[in-house]
Amino acid sequence: QVRLVESGGGLVQAGDSLRLSCAPSGRTFSGYRMGWFRQAPGKEREFVAAITWRSGSPYYSDSVKGRFTISRDIAKNTVYLQMDSLKPEDTAIYYCAAQPDFSLTYSYTNKYNSWGPGTQVTVSS
């Protein structure tokens, strides 16, 4: 397991942008796939995006494809989630998660064994 810390959440208006960051504590992301998930009040935690650290290959949910971009900065050992054209329905707590990069699935919460505490994103209409 790896300890993760998210940052960058906040309150914005519809159409605005935010960038979330996720960094590990005490180690690198080498050998991991990093995921972003979100959970809105009263709803289950859902997959948003993922990136394999080794290759940089990104994956997106249909609901954010074209609006969100996941990326990594190897030098800074940080994963980012750039969120553009935000909508009120994007309001949720956003979580960073990590799984071994040999995992065959990237969108299931139970396939990730490390989670950050989450950061709140609120989009007003």
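(A) Fine view of the state of the cysteines. This structure, assessed with the given rule, holds 1 disulfide. One disulfide in the model links cysteine 22 with cysteine 96; its S-S distance is 1.9 Å. Disulfide cysteine 22-cysteine 96: torsion about the S-S bond near -75°, hence left-handed. Separated by 74 residues along the polypeptide, cysteine 22 in strand 3 (residues 18-25) and cysteine 96 in strand 9 (residues 92-100) bring together distant segments of the chain.

(B) Geometry of the packing of aromatic side chains. Summed over the entire model, instances satisfying the criterion amount to 8 aromatic pairs. Judged by centre distance (5.7 Å) and plane angle (70°), the rings of phenylalanine 37 and phenylalanine 47 are edge-to-face. Here phenylalanine 47 lies in strand 5 (residues 46-52) and phenylalanine 37 lies in strand 4 (residues 32-39), a separation of 10 residues in the sequence. Using a relative accessible area of 0% as the deciding quantity, one classes phenylalanine 37 as buried. Ring plane angle 80° and centroid distance 5.0 Å describe the contact between phenylalanine 37 and tyrosine 112, whose orientation is recorded as edge-to-face. With phenylalanine 37 in strand 4 and tyrosine 112 in the loop between strand 9 and strand 10 (114-115), this pair connects stretches of sequence that are 75 residues apart. For the pair shown, phenylalanine 37 and tyrosine 112 are each scored as buried.

(C) Spotlight on the pattern of salt bridges. Throughout the structure, instances matching the rule amount to 5 salt bridges. Between aspartate 101 and arginine 54 there is a salt bridge; the shortest N-O distance is 2.6 Å. Within this pair, whereas aspartate 101 is found in the loop between strand 9 and strand 10, its partner arginine 54 is found in the loop between strand 5 and strand 6 (58-60), the two being separated by 47 residues in sequence. For arginine 54, a relative accessible area of 60% gives the class exposed. A salt bridge links arginine 67 to aspartate 90, with the shortest nitrogen-to-oxygen separation between them at 2.8 Å. Within this pair, whereas arginine 67 is found in the loop between strand 6 and strand 7 (68-73), its partner aspartate 90 is found in the loop between strand 8 (78-83) and strand 9, the two being separated by 23 residues in sequence. Residue classification places arginine 67 among the buried positions, given a relative accessible area of 12%. For aspartate 90, a relative accessible area of 1% corresponds to the buried category. Beyond isolated ion pairs, a larger network of salt bridges with shared partners links Arg38, Glu46, Arg67 and Asp90.

Calculation criteria
Residues numbered from 1 in each chain as written. Predicted model: local features only at pLDDT ≥ 70, side-chain atom pairs only at ≥ 80, totals over all residues. Heavy atoms only, no water. Disulfide = S-S within 2.5 Å. Helix = DSSP H or I, 4+ residues; strand = E, 2+ residues; numbered from the N terminus. Phe/Tyr/Trp six-rings, centres within 6.5 Å; stacked < 30°, edge-to-face > 60°. Buried < 20%, exposed > 50% of the residue type's maximum accessible area, 1.4 Å probe, protein only. Salt bridge = Lys/Arg side-chain N within 4 Å of Asp/Glu carboxyl O.

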